[in-house]
Amino acid sequence: MAKALNLGMIGYGFMGRAHTNGYKRVADFFPDIPFKPVLKAACARDAEKIKAFADQWGYESIETDWRKLLERKDIDAVDICVPNNLHKEISIAAAKAGKMILCEKPLAMNVAEGEEMCQAVEKAKVANTVWYNYRRIPAVTFAKKLIDEGRLGRIFHYRANFLQDWTISAELPQGGAGLWRLDAAAAGSGVTGDLLAHCIDTALWLNGGIADVSAMTEVFVKERKHALTGKTEKVTIDDACSFLCHFQNGSLGLFESTRYARGHKALYTFEINGEKGSLKWDLHDLHRLEIFEYSNEGATRGWKSVHITDGDHPYMGKWWVPGLAIGYEHSFVHQVADFLYSLGSGEPCHPTFRDALETQKVCDAVISSAKDHSWKKV
Ligand SMILES: NC(=O)c1ccc[n+]([C@@H]2O[C@H](COP(=O)([O-])OP(=O)(O)OC[C@H]3O[C@@H](n4cnc5c(N)ncnc54)[C@H](O)[C@@H]3O)[C@@H](O)[C@H]2O)c1
């Protein structure tokens, strides 16, 4: 019989909804989880809006101040789904209050903040995880398995892109609800912390540590009206970022992210080339993994596109029948399930805060390299 795990959700936006969907569905599809999420409380500043969210998604109560939520004895775990500049303060207070923490990415605004957060959760010995959810898309999890089995052999190249086009208009304001990503005071950085952080987390997981980076960033629209002050202000986030890197295993990395790639909405792709084979993945076709194996050389050689929907593929045995695809939202169900299994086993649920700090280190090195046009060690 699963024990109750009382959750407090902070934020009701995009991720507030994606995570809540995960909590609501997990017990139906992962009936062997040792803990069952209970939607105890939802928290945001606007009482009317958070009440509407709580009623729609099934939370039992609301709070309008996250400090009040942390004081509550009936909350076991908090989920931080608010802009990046709030992650540190809430996480450290939550750790001190003895709450388990599921925090959105990027972990923090910078490495110094992230280090403080790691120390706080480690001192308090509270379970923690960071929502780098792409690890838990079955095709990506399967890529990890193939690499760990040595199926690619020595890795030579790792290439990743995350392309969007939603900030091309110079009329788009910065700051405030929905547009905090354009305001460095709330986001920390632009595409580096928002999009490349995902590519970096996946890369570190699949291909190991990054030794050094050489980056360039660009701000295409230099000034935007600030939604909160009404004034036209300098844009201080990075609109686009590309970087080269050396991985610790000797392979070379090439990463690109932008919100100015007309026609692309969320094109996250990666390709890995090894001595014995290559892998390719594309978020727009997320249930497929493209695989090339050199051992198959012969007249029928070529890339194969494997539909990662069979019972022996990661997580897929829990869903429908072989051949039927699942989607983006299921990566959050998987992360909830793995977090709950980890509470049962006492093992950490990766990526932990400490794991996510490694991604933060690469992001900081990238921003620093772009500033003075030089290679930076991570
Ligand atoms: N894992 C992913 O793929 C992914 C995707 C999108 C966003 N994110 C991350 O999730 C976090 C939230 O992003 P989002 O897209 O859900 O943003 P959003 O703008 O949709 O929602 C932000 C929420 O934070 C709330 N909020 C702001 N200040 C608050 C405060 N002081 N107290 C309580 N609530 C407050 C807002 O009311 C809103 O509900 C960010 O850190 C972002 O980087 C991760």
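Just so it is clear, the model here is predicted, and its values are computed rather than measured. (Residues numbered from 1 in each chain as written. Predicted model: local features only at pLDDT ≥ 70, side-chain atom pairs only at ≥ 80, totals over all residues.)

## Considering the packing of helix α1 (residues 14–29) against helix α9 (residues 330–345)
One way to put it is that α1 packs onto α9 with a least axis distance of 8 Å and a crossing angle of 65°. Classified by chirality, the crossing of α9 by α1 is right-handed. Within the contact between the two elements, α1 uses A18, H19, N21, G22, Y23, R25, V26 and F29 and α9 uses F332, V333, Q335, V336, A337 and L340. The class makeup of the residues in the contact of α1 with α9 is 9 nonpolar, 4 polar and 1 charged. (Axes fitted to C-alpha atoms, helices over the stretch in contact; angles between N-to-C directions. Helix = DSSP H or I, 4+ residues; strand = E, 2+ residues; numbered from the N terminus. Left-handed = near helix turned anticlockwise from the far one by under 90°. Contact = placed C-beta atoms within 7 Å. Nonpolar A, V, L, I, M, F, W, Y, C, P; charged D, E, K, R; others polar.)

## Section: the pairing of strand β5 (residues 100–103)
Residues M100 and L102 line one face of β5 and the alternating positions I101 and C103 line the opposite face, and both faces are buried. Since strand β4 (residues 77–80) and β5 lie parallel, the crossover through helix α4 (residues 87–96) that links them has a hand, and here it is right-handed. Relative to strand β6 (residues 128–130), β5 runs parallel, the two sharing 3 bridges. When the sheet's bridge partners are listed, L102 is paired in β6 with T129. For the handedness criterion, the β-α-β arrangement of β5, helix α5 (residues 111–124) and β6 is classed as right-handed. (Buried ≥ 20, exposed ≤ 12 C-beta atoms within 10 Å, placed from the backbone. Right-handed = clockwise from strand over helix to strand, strands pointing away. Pairing = 2+ DSSP bridges.)

## Some thoughts on the UniProt feature "domain: Gfo/Idh/MocA-like oxidoreductase N-terminal" (unreviewed entry) in the protein
Here, UniProt's "domain: Gfo/Idh/MocA-like oxidoreductase N-terminal" (unreviewed entry) annotation points to residues 6–129. Split by type, residues 6–129 is 46% helix and 22% strand. Its first and last C-alpha atoms lie 16 Å apart. (UniProt positions renumbered as here; feature names shortened; annotations may be inferred.)

## Some thoughts on the sheet that holds strand β7 (residues 155–163)
Spatially, 9 strands are ordered β16-β15-β14-β13-β7-β12-β11-β8-β17 in an open sheet, and the strand pairing comes out mixed. With partners counted over all chains shown, the strands left at the sheet margins are β16 (304–307) and β17 (376–377), one partner each. The pairing of β7 with strand β12 (residues 252–258) spans 7 bridges and is parallel. Across the sheet, the residue bridging to F162 is S257, located in β12.

## Some points on the domain arrangement of the protein
By the assigned domains, the protein splits into domain 1 (3–133) and domain 2 (134–377). Summarising the inter-unit geometry, the C-alpha centres of domain 1 and domain 2 are found 23 Å apart. Facing the 37 residues of domain 1 at the interface are 39 residues of domain 2. When residues of the side of domain 1 that touches domain 2 are traced back to their parent elements, those giving at least two are α1, β2 (35–43), α5 and β6. (Domains from an automatic or database assignment.)

## Focus: the site of the ligand
Not every one of the 22 residues close to the ligand is listed here, only the nearest: G11, G13, F14, M15 and E104. No other element matches α1, which puts 3 residues into the shell around the ligand. By residue class, the composition of the shell around the ligand is 12 nonpolar, 6 polar and 4 charged. (Near = placed C-beta within 6 Å.)

## Some remarks on the sheet that holds β6
With respect to topology, 6 strands assemble into an open sheet ordered β3-β2-β1-β4-β5-β6, the strand pairing being parallel. A single partner strand is all that each edge strand has here, and the edge strands are β3 (61–63) and β6. Going from strand to strand, the sheet's axes swing by 25° on average, the running direction of each strand aside. Of the strand pairs in this sheet, strand β1 (residues 3–10) and β2 are connected by 8 bridges, and their pairing is parallel. Paired with M9 across the two strands is A42, which belongs to β2. Each of β1, β2 and β4 is contacted by α1, which is oriented at about 150° to β2, the strand it contacts most.

## Overview of the nonpolar core
Ranked by size, the top nonpolar core spans 102 residues in total, and within it I10, A42, C43, I101, L196 and V366 carry the most contacts. In terms of residue count, helix α8 (residues 191–207) provides more of this core than any other element does, 10 residues in total. Split by domain, this core shows at least three residues from each of two domains, domain 1 (3–133) and domain 2 (134–377). Ignoring any residue separated from it by four or fewer positions in sequence, one finds A42 in contact with M9, Y12, I50, F53, A54, Y59 and I62. Counting residues in hydrophobic clusters, the runner-up holds 7 residues, among them W180, L182, A184 and V235. (Core = buried A, V, L, I, M, F, W, Y, C linked by C-beta atoms within 7 Å.)

## Looking at the UniProt feature "domain: GFO/IDH/MocA-like oxidoreductase" (unreviewed entry) in the protein
Within the UniProt annotation, "domain: GFO/IDH/MocA-like oxidoreductase" (unreviewed entry) is assigned to residues 143–279. Secondary structure over residues 143–279 splits into 20% helix and 36% strand, and the C-alpha atoms at its two ends are 7 Å apart.

## A look at α5
Taking 1.5 Å per residue, 14 residues should reach 20 Å; α5 reaches 20 Å between its end C-alpha atoms and fits that length. Packing partners of the buried residues in α5 comprise α4, β5, β6 and α10 (353–372). K125 lies just past α5 and shows a positive phi near 55°. (Expected span 1.5 Å × (residues − 1).)

## As for the pairing of β7
Note: β7 against strand β13 (residues 267–274), 8 bridges, orientation antiparallel. Counterpart to H157 in the pairing with β13 is N273.

## Structural notes on the packing of helix α6 (residues 138–148) against α8
In the contact formed by α6 and α8, the axes pass within 9 Å of each other and the chain directions differ by 30°. Classified by the interaxial angle, the pair formed by α6 and α8 is roughly parallel. Residues V140, A143, K144 and I147 of α6 pack against T202, W205 and L206 of α8. Its residues placed into classes, the contact of α6 with α8 shows 5 nonpolar, 1 polar and 1 charged. (Parallel < 35°, antiparallel > 145°, perpendicular 65-115°, else oblique.)

## Points about the environment of I147
Relative to the helices and strands, I147 is located in helix α6. Taking the C-alpha atoms as reference points, I147 and G274, separated by 127 residues in sequence, lie 9.3 Å from one another. Setting aside chain neighbours within four positions, we find I147 in contact with L152 and L206.

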